[in-house]
Protein chains: 2
Amino acid sequence: MAGTPTANPTPCAECPIRRLALFEPLSTGLLELMQKHRLEQRDVPAGSLIYPQDARLDESFTVFQGWVMLHRTLSDGRRQVLRFALPGDFIGFQPDPESPVLHSAQALTAVRVCVFRQDSLMEMFREHPMLAIQMAWIASRDEALAHDHMTSLGRRPAKERIAQLFLEIQHRLAARGPVDERAGIPVPLKQEHIADALGLTTIHVNRTLRTLREAGMAVLRGGLLRIQNRAALVEMTGFRPDSFSRRPIL
Amino acid sequence: MAGTPTANPTPCAECPIRRLALFEPLSTGLLELMQKHRLEQRDVPAGSLIYPQDARLDESFTVFQGWVMLHRTLSDGRRQVLRFALPGDFIGFQPDPESPVLHSAQALTAVRVCVFRQDSLMEMFREHPMLAIQMAWIASRDEALAHDHMTSLGRRPAKERIAQLFLEIQHRLAARGPVDERAGIPVPLKQEHIADALGLTTIHVNRTLRTLREAGMAVLRGGLLRIQNRAALVEMTGFRPDSFSRRPIL
DNA sequence: CGACCTCTTGAGTGAGCTCAAAAACAGTGG
DNA sequence: CCACTGTTTTTGAGCTCACTCAAGAGGTCG
């Protein structure tokens, strides 16, 4: 598995993300608990896998920095991106150690994660039921996100799918810290990633991006997403921001 | 909300499903706990809603008998079926009481559910951390199921989507009790439900069902699903049964 | 025996796909 | 600084899978 422990492994509880007031804060007791479990940080270079499809995971992760892409690859190479994980998101939770994960997690940018050993995680849950509840909360939120995604895939035309994705990204990033829509949000997605996420071909994504651009709605260029006419996008998709409201982090 | 309490409300712990050896058994301690919380049973007639989209839920449910369909409806009427819930499945978990559910749950057949009050559920979690862990497990399994579904929607042609759905249903039902594939599995789905689940039109589902039938692979007729050439379906979809392996119930 | 679903089939259309090939861009090494 | 190579984006042309519109056939239930 790719990734190297940081030179000076710091407990994750000290990670910068904890200080963002926008996240639900952990109580001091929980911080101590995490310290006790000596959680390790790990840096993963852009492009490499955090874990591969079909592996038996004995670790799971909280993303601290960077973008992670979860995707499944079928035997003939077709690929479906399941989720883009952003800082604060939890990935790789696999309660049954027997069954393999059915997707890969790949770093889209340089990524820093906090590593939980699976058994250690379970122990934490046992000691601190609240954490288990939060885990259930997180999983259930991810499921709701997946539901949005499924609705796009099943029942929206290409233009709406992209609009919806843009609004979702904008909203999720905004929940993590101030973003300047007008100036442009850093988004490390290639057109191919978008295609694989939305069930389209790269070519069709390209054409659809053009129509969005020419309609003055949104531009994705040079790793920057500019939402120019939010109202029009919202109108088109019926986007309701409360879909991704409060949530705990681990 | 539709549904009436059964004439003689029995604690869910006594519900027949508990006696199925195929489910992970609950310890006696947990049974007691559930008794203590005086969980109510409720019967819901075919067709009516267990909970509607956009509602604030203060209850969640374990399905005991029948089929439940979770679906989201967009403002213009397009509909996406998110999941078919079978006996033993948990639905309506909403850890944040503030945010509304983004989908409806509708009974496809006559359904019997076990009702959990949300606050009561949280209390159970606090008293019995193991339950919270199991909840996380359940949510995470549902997410994996959603991932399969997403992959179908995004990257499979109609024929494969239907084949995959059939295999999934067959497998999930088989995990709940003996089924006779050859004789036919009772499946209460109309072609319209399949269409809304798989992101297709009813008409196209119909045509595709015909090709599957004419290819001697599978037949869905009169509420019975007959899988006639399992190998061919598996070959086509790359279906791996372990996707839906062990899991706890609440 | 209508009224109403659900299923089925036909004919024509279109959104999104495939194949093919420029053009823009980002590194990389001389 | 520039030629060289690989990646990403863009555009064109033609095709197909799945959609729309329309209508008939089969059930089922009051």
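What you see is a predicted model, and the numbers here were worked out from it, not measured in a lab.

## As for the sheet that holds strand S6 (residues 79–85) of chain B
At step 1: An order of S3-S8-S5-S6 (chain B) is seen for the 4 strands of this open sheet, with the pairing classed as antiparallel. With partners counted over all chains shown, the strands left at the sheet margins are strand S3 (49–51) and S6 of chain B, one partner each. Across the sheet, the mean angle from the axis of one strand to that of its neighbour is 30°, orientation sign disregarded.
At step 2: Across 4 bridges, strand S5 (residues 68–73) of chain B lies against strand S8 (residues 104–107) of chain B in antiparallel orientation. The residue of S8 of chain B that forms the bridge with methionine 69 of chain B is glutamine 106 of chain B.
At step 3: Running over the sheet, helix H3 (residues 129–155) of chain A touches S5 and S6 of chain B and is turned about 130° from S6 of chain B.
At step 4: Across the face of the sheet, helix H5 (residues 191–198) of chain B comes into contact with S5 and S6 of chain B while running at roughly 105° to S6 of chain B.

## Some points on the protein's contact with DNA strand D
At step 1: The environment of DNA strand D is made up of 15 residues, and the closest members are Gln191, Asn206 and Arg210 of chain A together with Ala158 and Ile203 of chain B.
At step 2: Of all atoms in DNA strand D that approach within 4 Å of the protein, 68% are sugar or phosphate atoms.
At step 3: Here a base nitrogen of DNA strand D and a side-chain polar atom of arginine 207 of chain A are 3.1 Å apart.
At step 4: Alanine 158 of chain B is positioned with one of its backbone polar atoms (N or O) 3.0 Å from a phosphate oxygen of DNA strand D.
At step 5: Listing elements by their share of the surface near DNA strand D, those giving two or more residues are helix H6 (202–214) of chain A together with helix H6 (202–214) of chain B.
At step 6: Among the elements that line the surface near DNA strand D, the one with the most residues is H6 of chain A, at 4 residues.
At step 7: Of the residues in the surface near DNA strand D, the class split is 4 nonpolar, 5 polar and 6 charged.

## Considerations on the interface of chain B and chain A
At step 1: Taken together, the contacts link 52 residues of chain B with 52 residues of chain A.
At step 2: Of all residues in chain B, Ile133, Met150 and Arg155 of chain B bury the most surface against chain A, accounting for 17% of the area lost on that side.
At step 3: Our count for the chain B to chain A interface comes out at 10 salt bridges.
At step 4: Here glutamate 143 of chain B makes a salt bridge to arginine 83 of chain A, at a shortest N to O gap of 3.9 Å.
At step 5: Our count for the contact surface shared by chain B and chain A stands at 16 residue pairs in polar contact (both at pLDDT 80 or more).
At step 6: Secondary structure elements with two or more residues in the side of chain B that touches chain A: S6, helix H2 (118–127), helix H3 (129–155) and H5 of chain B.
At step 7: Looking at the side of chain B that touches chain A element by element, the count peaks at 20 residues for H3 of chain B.
At step 8: The residue inventory of the side of chain B that touches chain A, partitioned by class, reads 23 nonpolar, 11 polar and 18 charged.

The rules behind each value
Residues numbered from 1 in each chain as written. Chains lettered and ligands numbered in written order. Predicted model: local features only at pLDDT ≥ 70, side-chain atom pairs only at ≥ 80, totals over all residues. Heavy atoms only, no water. Pairing = 2+ DSSP bridges. Helix = DSSP H or I, 4+ residues; strand = E, 2+ residues; numbered from the N terminus. Axes fitted to C-alpha atoms, helices over the stretch in contact; angles between N-to-C directions. Contact = heavy atoms within 4.5 Å. Near = heavy atom within 4 Å. Polar contact = N/O pair within 3.5 Å; in protein donor to acceptor, adjacent residues only side chain to side chain. Nonpolar A, V, L, I, M, F, W, Y, C, P; charged D, E, K, R; others polar. Buried area = accessible area lost by both parts, 1.4 Å probe. Salt bridge = Lys/Arg side-chain N within 4 Å of Asp/Glu carboxyl O.

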